[in-house]
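What follows is each chain in one-letter form.
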Amino acid sequence: MDSDRMFGLAQALAEAKSRQDVPAAMKLLHEEMVLEAPAFGSVARGLEENARALTGFFTVFPDYDVELEGHASDGETLVCWGTVRMTMTGPAFGVTPNGRRAELPVFIRFTFKDGLIASERFFFDLAALCSQSGVSTDTVLAVR
C-alpha cells in the first residue's frame, strides 16, 4: 500500500476518533485489528474488542481530539506523530481528576492488511497525562 493511502486511512481514523464516532472508526479497521495502548497496558483484538475499547475510552475522555502533524512510512508500516488533547473525567482509574484538558505529544504506529488498518500502537506519556489531570500516576498504574 502506498504511503498516501496509509496516511489517508490514519487521518480518517484520527478524525473519526476526534468526533468520538465509533461506527466510522470501525469501518477503517481490519477484522483482525489489534489496538495497543502501552501507557494503559491495554490490548484490544478484533472488531468487537476494539469497539468496546473505544467506547470505554471515550467515556473517560469524552473530548478526545488528536491532530496528526507528520508521518513516515516504509511501505508496510506508517508512523504518525502529533498532539492529543483530552480531559480525563472522573472518577476513572480510581482517581478524581481536576477537569483540566491535557495536551500531549503522541506517536502512533500503524500496520495495514487488505486495504484497512490492521494494528495501531498508540504511545503517549502517562505521567504527563496524570500530572496535567491532577492525579497520581502511581494510582492510575495500580488500577489500569
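Our subject is the structure that appears above.
Residues numbered from 1 in each chain as written. Predicted model: local features only at pLDDT ≥ 70, side-chain atom pairs only at ≥ 80, totals over all residues. Heavy atoms only, no water.

**Q** Hey, could you go over the packing of aromatic side chains for me, with residue numbers and the actual values?
**A** Going through the model one piece at a time under the given rule, you end up with 11 aromatic pairs. Ring plane angle 45° and centroid distance 6.1 Å describe the contact between F58 and Y64, whose orientation is recorded as tilted. Members of the aromatic cluster, each reached through a chain of ring pairs, are F40, F57, F58, F61, Y64, F93, F122 and F124. (Phe/Tyr/Trp six-rings, centres within 6.5 Å; stacked < 30°, edge-to-face > 60°.)

**Q** Residues and numbers for the nonpolar core, please.
**A** Among the nonpolar cores identified, the biggest contains 47 residues, and F61, Y64, F110 and L129 are the most heavily contacted of them. Apart from the residues within four sequence positions on either side, F61 is in contact with F40, M86, T87, M88, F93 and L129. (Core = buried A, V, L, I, M, F, W, Y, C linked by side-chain atoms within 4.5 Å. Buried < 20%, exposed > 50% of the residue type's maximum accessible area, 1.4 Å probe, protein only. Contact = heavy atoms within 4.5 Å.)

**Q** Can you lay out the layout of surface pockets for me, pointing to particular residues and giving the numbers?
**A** The computed volume of the largest pocket comes to approximately 350 Å³. Surrounding the largest pocket, 19 residues form its lining, A37, F40, S42, A53 and F57 being those nearest its centre. Secondary-structure elements contributing two or more residues to the lining of the largest pocket are β1 (29-37), β2 (42-45), α3 (46-60) and β6 (116-123). The element contributing the most residues to the lining of the largest pocket is α3, with six residues. (1 Å grid on protein atoms, 1.4 Å probe; cavity = no way out; pocket = protein on both sides within 12 Å on 5 of 7 lines; lining within 4 Å. Points joined across faces, edges and corners; volume = space filled by probe spheres on them. Helix = DSSP H or I, 4+ residues; strand = E, 2+ residues; numbered from the N terminus.)

**Q** A description of the pairing of strand β3 (residues 65-73) should follow, citing residues and the corresponding values.
**A** Sheet topology note: the β3/strand β4 (residues 77-87) ladder contains eight bridges and is antiparallel. Bridge pairing in β4 places L68 opposite G82. As consecutive antiparallel partners, β3 and β4 are separated by three residues, and within that stretch G75 has a phi angle of approximately 95°, a positive value. (Pairing = 2+ DSSP bridges.)

**Q** Could you give an account of a nonpolar patch on the surface, naming the residues involved and the relevant values?
**A** Nonpolar side chains collect at one region of the surface, where V79, W81, F107 and F123 lie side by side and expose about 340 Å² of accessible area between them. Note that V79 resides in strand β4. The partly exposed category is assigned to V79, whose relative accessible area is 33%. (Patch = residues over 30% accessible without salt bridge, like charges linked within 9 Å, V, L, I, M, F, W, Y side chains within 5 Å. Areas by Shrake-Rupley, 256 points an atom, 1.4 Å probe, with all protein chains shown as cover. Salt bridge = Lys/Arg side-chain N within 4 Å of Asp/Glu carboxyl O.)

**Q** How would you summarise the sheet that holds β2 if you had to cite specific residues and measurements?
**A** The six strands lie next to each other as β2-β1-β6-β5-β4-β3, forming an open sheet whose pairing is mixed. A strand with exactly one partner marks an edge of an open sheet, and here the two such strands are β2 and β3. Averaged over all adjacent pairs, the angle separating strand axes in this sheet is 20°, with direction ignored. Docked against the sheet, α3 engages β1, β2 and β4, running at close to 45° with respect to β1. Running over the sheet, helix α4 (residues 126-133) touches β4 and β5 (101-113) and is turned about 150° from β5. (Axes fitted to C-alpha atoms, helices over the stretch in contact; angles between N-to-C directions.)

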